[in-house]
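Chain and residue survey
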Amino acid sequence: WEVINEQNERINIQSFVGKPILLNFWATWCPPCVAEMKSIQSAFDQTQKNATFLLVSNEPIEKLIAFKQKKGYTFPVYQLVSPLPAIFESESIPTTFIINKNKQILIKESGAKNWASQKVISLLNQ
């Protein structure tokens, strides 16, 4: 499946394989999504050299970038542009997956969570 990055380029998700991934499905209008962003930023700050962060939304990439800049976040955001594999489909947002470097899903959570917990940081640094 594909996303558009902040440089307006189409990217196949397979290109991110090889590092642990925090995959988050969200929207700018979603209060629980916005509520967990500070913890995602904290996790990003602590693990960005070892992990990949994919914050994916159906909204236009320009809107996602503007939201991120307004809030002062530095993690990357992406616009979804193709259907998701069934394994990542969810009825609600936010939904977040922690995937290890071998493409195994270690965590799947719906709703706002603290993504800067020691457990998550440890998984993302492996």
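Residues numbered from 1 in each chain as written. Predicted model: local features only at pLDDT ≥ 70, side-chain atom pairs only at ≥ 80, totals over all residues. Heavy atoms only, no water.

Notes on the nonpolar core
One finds W26, F53, L55, F75, V77 and I98 to be the most contacted residues of the largest nonpolar core, which totals 27 residues. Here the element with the most residues in this core is helix 1 (residues 31-47); it accounts for five residues. Setting aside residues up to four positions removed in sequence, V77 forms contacts with I4, N5, E6, W26, L55, I61, L64, I65 and K68. Counting 15 residues, the second-largest nonpolar core is a separate cluster that includes I13, F16, I21 and Y78. (Core = buried A, V, L, I, M, F, W, Y, C linked by side-chain atoms within 4.5 Å. Buried < 20%, exposed > 50% of the residue type's maximum accessible area, 1.4 Å probe, protein only. Helix = DSSP H or I, 4+ residues; strand = E, 2+ residues; numbered from the N terminus. Contact = heavy atoms within 4.5 Å.)

So, the packing of aromatic side chains
What describes a pair of aromatic rings is the distance from one ring centre to the other and the angle between the planes of the rings. The full count for this structure, using the stated rule, is eight aromatic pairs. For the ring pair F25 and F97, a centre distance of 6.2 Å and an interplane angle of 90 degrees mean the geometry is edge-to-face. Linking F25 in strand 3 (residues 21-25) with F97 in strand 6 (residues 95-99), this pair joins segments that are 72 residues apart in sequence. Comparing F25 with F97 shows no difference in burial state: the two are buried. On the numbers, 5.2 Å between centres and 90 degrees between planes, the contact of F44 with F53 is edge-to-face. (Phe/Tyr/Trp six-rings, centres within 6.5 Å; stacked < 30°, edge-to-face > 60°.)

Examining the state of the cysteines
This structure, assessed with the given rule, holds one disulfide. Between C30 and C33 runs a disulfide, and the two sulfur atoms are separated by 2.4 Å. Torsion about the S-S bond of the C30 and C33 cystine: about 75 degrees, corresponding to right-handed handedness. Look at C30 and you get buried, because its relative accessible area is 3%. (Disulfide = S-S within 2.5 Å.)

Topic: the side chain of N100
Mapped onto the secondary structure, N100 falls in the loop between strand 6 and strand 7 (105-110). Since its relative accessible area comes to 15%, N100 is described here as buried. A distance of 2.9 Å separates a polar side-chain atom of N100 from the backbone nitrogen of N102. Beyond its immediate stretch of four places on either side in the chain, N100 contacts K19, P20 and L106. (Polar contact = N/O pair within 3.5 Å; in protein donor to acceptor, adjacent residues only side chain to side chain.)

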